Amino acid sequence: MAQISSLSALDASKYDILIVGSGPAGCSLADRLSAKGVSCLIIETGLAEYNQDIQTAYTAMDTRGHFGDQHWAQHWIRAFGGTSMVWGGWCAPLDEQDFEAWPITLSDLRPYYDVAADILKLDRVINSYEAAYLPGFRFKPFRTVYGAMRFGEEYQSYLTQTGPVDVLLGVTVSDLQPNEGRDRVSGLSLHQSDGTRREITLREGQRLVLAAGGMGNAQLLLNPAPGTETGVGNETDQVGRYLMEHPHYINTAALVGRRRLMPPEPPANFGDYVPNILADRAMHAKTGKLSVAMELVEREINPVDRVERYLSDKYDGDFVTYNINIRSEMPASADNRVTLAPSRDPAGLPLLKTMCMAGSDTVRPIFDILEELGKTVLTRNEGRVFIHNDTLVSNPSGGGHTMGTTAMGDDARISVVNRDCRVHRYSNLYVAGSSVFTTGGSANPTLTIIALATRLADHLTGAA
Amino acid sequence: MSLTRREGLLAIAGIVAGGIVANVSNFAVTSMDQDASGPPPVTAFEPASLGMGWVLSEADLDELGALGTEAIDETRFEVEERLDYLGGDVGAFRAISSSDCAAACDSDPDCTRFTYATTRHETASKRKMCWLKNDEIIDSRKDAGAYVSGRKR
Ligand SMILES: Cc1cc2nc3c(=O)[nH]c(=O)nc-3n(C[C@H](O)[C@H](O)[C@H](O)COP(=O)(O)OP(=O)(O)OC[C@H]3O[C@@H](n4cnc5c(N)ncnc54)[C@H](O)[C@@H]3O)c2cc1C
């Protein structure tokens, strides 16, 4: 069976699970489900190869706020394998304190972080390694990958081999229909690129998982089915809110001083990495409870900076110099959000409009933590910190991380999915992807996306 | 990874590394855009602290102050007080003194001229700004009280 040739050839009733989207979330969910013999259908807008016309037609967006006009649209790839077609492969698990506002904890996710590392063919040590640094700070590197996994290539067999996973390419889910009591999805509409449409009815016991990306998951739940007022799962007007990125401030500070400031080296099986400093628990609480990752980039001394010249003399050559790149957390704000725009994509789904500002509550904790780092090395007479004010207050870049738009929570009034990633009220509808992140931490999201997706697979098969 | 000289020097350019899609921060300020709505004019402004973004101790500041301000190397630059070059910017950053600004230009192959705004500048955000420039300047303005400029010999 494998790849289904067209919408008319589809027999949707034979699958246990229907998955919308073939990115890291959809593919790893299908991977874990199929290993347990569960049959899945993946429905994907894109084709096996990237196609610019599809990309443009389906991701055009109106943008307000920080990060740039094309930012969100360019970071949501519509092809088999999803955005992994362009991702950088950087990985780190979230920290224990990052889960404070979530209904689940790091221990709930720990076993699945290891499953995620296995799927990405990375050593599990990336999930446990960290080392002490200066008082108040920890050393926790990002795993970097050159030649990051392209899920479309990795899961090519879904297209070619007969197995429990079938794929329908070039087909977009355009709306979800609620039953009368709004506690089940009764059906969905599918649109094929040649214009063909089909309505699918979900049979008893069949479940639907949205794995359409941080934008796509919100888009499907925001869009009311014909004849209804409110999108499925948007009964409390929570879908699309809490939109978050990881604001990146590149070369925004410097750390110079004695050689003992050199970061430790992770064990060899960790693999390639960038050195990264984070606050410890107490410092995190003191500086505003947002995660601020400080990447140390070794550089040469700047000979025209008299402070650096002075310090290098003072430390008599026992001297190292680093630039600091910041990757930080935005507070989850209900006002940073995705809404529907008046225009539509070829499948008839309303296109999106974004409003997202990295405000003073994002930037102030970064200043605070850099000041604390500065005071720490100053009082220990080990070095000095430079803070480049103007970079920190300029428009940040992002990592291509679209988070928070269908947030996880116990309280349906302020969230969209519950701790099992099931949409509140709806018995047969689930969400996989960074849209469920309650908060974003500062780690790249995909390792966590895969951990959550494989945990969801176990939930769906009764194993978790 | 080591940065190019100017990145290290000015810490201004966005970089693309690993999973980051960086934008170039909109840092290039030119001496042309005199903003009208600045703070009230100040004739003499001598800041007590010269940390310039560094987290320093009082002792550091004393020791740095004692190092004094070196003069611009006039064998390398033709220096003109009260001159402001317009346009031709290749970089902009804050520098402690005009000699540090000149030294930055000297070490940058793209830079042939510099303009430095002294602490007398009426707009606080312009004070101690150093603009590195090339020969594609649009114009020059004489009698620009708060500026000093130099051209590589
Ligand atoms: C340049 C760049 C660099 C990045 N670097 C990193 C990194 O270093 N580390 C990291 O962790 N993350 C990185 N990311 C983010 C990473 O790519 C995403 O977190 C990840 O791809 C999200 O996986 P996903 O499966 O949830 O969504 P996606 O990969 O976006 O997949 C969603 C899929 O769903 C399909 N779809 C959407 N709507 C519908 C619909 N209605 N019907 C049918 N199909 C639909 C889309 O076509 C798409 O194929 C980067 C992103 C970019 C853009």
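Everything quoted here is computed from the prediction, not taken from an experiment.

Draft legend 1. Fine view of the overall build of chain B. When its secondary structure is counted, chain B shows three helices and eight strands. Sequence separation of 24 or more characterises 75% of the internal contacts of chain B that already satisfy a separation of 6 or more. Looking at chain B as shown, the accessible area adds up to about 7700 Å², and 52% of this sits on carbon and sulfur atoms.

Draft legend 2. Geometry of the packing of aromatic side chains. Tallied over the entire structure, the rule returns twelve aromatic pairs over all chains. For the ring pair W102(A) and F437(A), a centre distance of 5.5 Å and an interplane angle of 45° mean the geometry is tilted. You can see W102(A) sitting in the loop between α3 (71-74) and α4 (106-119) and its partner F437(A) sitting in the loop between β20 (429-431) and α12 (446-460), a full 335 residues away along the chain. Three or more aromatic residues link up through ring pairs in this structure, and these residues are Y129(A), F139(A), F270(A) and Y273(A). Here R113(B) stacks its cationic end above the ring of Y85(B), 4.9 Å away from the centre of that ring.

Draft legend 3. Region of the structure containing the side chain of Q206(A). Residues and elements named next belong to chain A. In this fold, Q206 is placed in the loop between β10 (197-201) and β11 (207-210). You can call Q206 buried: its relative accessible area is 1%. Side-chain polar atoms of Q206 contact the backbone oxygen of A12, separated by 2.7 Å. A distance of 2.8 Å separates the side chain of Q206 from the backbone oxygen of Y15, its partner in a polar contact. Not counting residues up to four positions away in its chain, the partners in contact with Q206 are A12, S13, Y15, D16, L18, T201 and N428.

Draft legend 4. Structural view of the site of the ligand. Around the ligand, the surrounding shell holds 40 residues, and the nearest of these are A25(A), E44(A), R78(A), T83(A) and W90(A). At the site occupied by the ligand, nearby residues are drawn from chains A and B. P24(A) places a polar main-chain atom, nitrogen or oxygen, 3.1 Å from an oxygen atom of the ligand. Contact between the ligand and T446(A): an oxygen atom at 2.9 Å from a side-chain N or O atom of the residue. Coverage of the ligand by the protein amounts to 96% of the 1000 Å² it exposes when considered alone. Secondary structure elements with two or more residues in the shell around the ligand: α1 (24-35), β2 (40-44), β8 (171-178), α7 (213-222) and α12 of chain A. If one sorts the elements of the shell around the ligand by residue count, β8(A) sits on top with three residues. For the shell around the ligand, the class distribution of residues is 19 nonpolar, 19 polar and two charged.

Draft legend 5. Quick peek at the sheet that holds strand β17 (residues 337-344) of chain A. Residue and element names in this part refer to chain A. Pairing in this open sheet of three strands is mixed, and the strands run β3-β18-β17 from one edge to the other. Unpaired on one side and paired on the other, β3 (61-65) and β17 mark the two borders of the sheet. Each strand axis lies, on average, 20° off the axis of its neighbour in the sheet, ignoring direction. Note: β17 against strand β18 (residues 350-356), five bridges, orientation antiparallel. From the neighbouring strand, L340 faces β18, where its bridge partner is L352. Against the sheet, α7 touches β3, β17 and β18, its axis set at about 120° to β18.

Draft legend 6. Structural context of empty space enclosed by the protein. Residue and element names in this part refer to chain A. Counted by the stated rule, this structure contains three cavities of 30 Å³ or more. Lining the second largest cavity are 14 residues; nearest its centre among them are D95, K140, L278, S442 and A443. By residue class, the composition of the lining of the second largest cavity is eight nonpolar, three polar and three charged.

Draft legend 7. Main features of the state of the cysteines. Counted under the stated rule, the structure contains two disulfides over all chains. Paired by a disulfide, C101(B) and C130(B) hold their sulfur atoms 2.1 Å apart. Where C101(B) bonds to C130(B) through sulfur, the torsion about that S-S bond is close to 80°, and the disulfide is right-handed. In this pair, C101(B) is assigned in helix α3 (residues 98-106) and C130(B) in strand β6 (residues 129-133), connecting sequence segments 29 residues apart. Among the residues examined, C130(B) registers a relative accessible area of 0% and is labelled buried. With a sulfur-sulfur separation of 2.2 Å, C105(B) is cross-linked through a disulfide to C111(B). Linking C105(B) and C111(B), the disulfide has an S-S dihedral of approximately -100° and is accordingly described as left-handed. Classification of C105(B) as buried rests on a relative accessible area of 0%. What makes C111(B) buried here is its relative accessible area of 1%. Disulfide connectivity for chain B, with bonded cysteines indexed by sequence position, reads 1-4, 2-3. No disulfide involves C40(A); its sulfur sits 11 Å from that of C27(A), the nearest cysteine. Given a relative accessible area of 0%, C40(A) falls into the buried group.

Draft legend 8. A look at the sheet that holds strand β2 (residues 77-81) of chain B. All names here are of chain B. Spatially, five strands are ordered β2-β8-β5-β6-β4 in an open sheet, and the strand pairing comes out antiparallel. Strand pairing shows two members of the sheet lacking a second neighbour, β2 and β4 (89-94), which therefore form its edges. Averaged over neighbouring strand pairs, the angle between their axes works out to 15° when direction is ignored. In the packing of α3 onto the sheet, contacts are made with β2, β4, β5 (113-117), β6 and β8 (147-152), and the angle to β5 comes to roughly 155°.

Draft legend 9. Spatial organisation of the domain arrangement of chain A. All names here are of chain A. Looking at chain A, the domain boundaries give domain 1 (12-90 + 147-245 + 333-357 + 400-464) and domain 2 (126-143 + 247-328 + 359-395). Computed from C-alpha atoms alone, the centre-to-centre distance between domain 1 and domain 2 is 36 Å. Opposite the twelve residues of domain 1 that make contact, domain 2 presents 13 residues. Interface area for domain 1 against domain 2, summed over the two sides, is near 1000 Å², with a carbon-plus-sulfur share of 58%.

Cut-offs applied
- Residues numbered from 1 in each chain as written.
- Chains lettered and ligands numbered in written order.
- Predicted model: local features only at pLDDT ≥ 70, side-chain atom pairs only at ≥ 80, totals over all residues.
- Heavy atoms only, no water.
- Helix = DSSP H or I, 4+ residues; strand = E, 2+ residues; numbered from the N terminus.
- Contact = heavy atoms within 4.5 Å.
- Areas by Shrake-Rupley, 256 points an atom, 1.4 Å probe, with all protein chains shown as cover.
- Phe/Tyr/Trp six-rings, centres within 6.5 Å; stacked < 30°, edge-to-face > 60°.
- Lys NZ or Arg CZ within 6 Å of the ring centre and 35° of its normal.
- Buried < 20%, exposed > 50% of the residue type's maximum accessible area, 1.4 Å probe, protein only.
- Polar contact = N/O pair within 3.5 Å; in protein donor to acceptor, adjacent residues only side chain to side chain.
- Near = heavy atom within 4 Å.
- Nonpolar A, V, L, I, M, F, W, Y, C, P; charged D, E, K, R; others polar.
- Pairing = 2+ DSSP bridges.
- Axes fitted to C-alpha atoms, helices over the stretch in contact; angles between N-to-C directions.
- 1 Å grid on protein atoms, 1.4 Å probe; cavity = no way out; pocket = protein on both sides within 12 Å on 5 of 7 lines; lining within 4 Å.
- Points joined across faces, edges and corners; volume = space filled by probe spheres on them.
- Disulfide = S-S within 2.5 Å.
- Domains from an automatic or database assignment.
- Buried area = accessible area lost by both parts, 1.4 Å probe.

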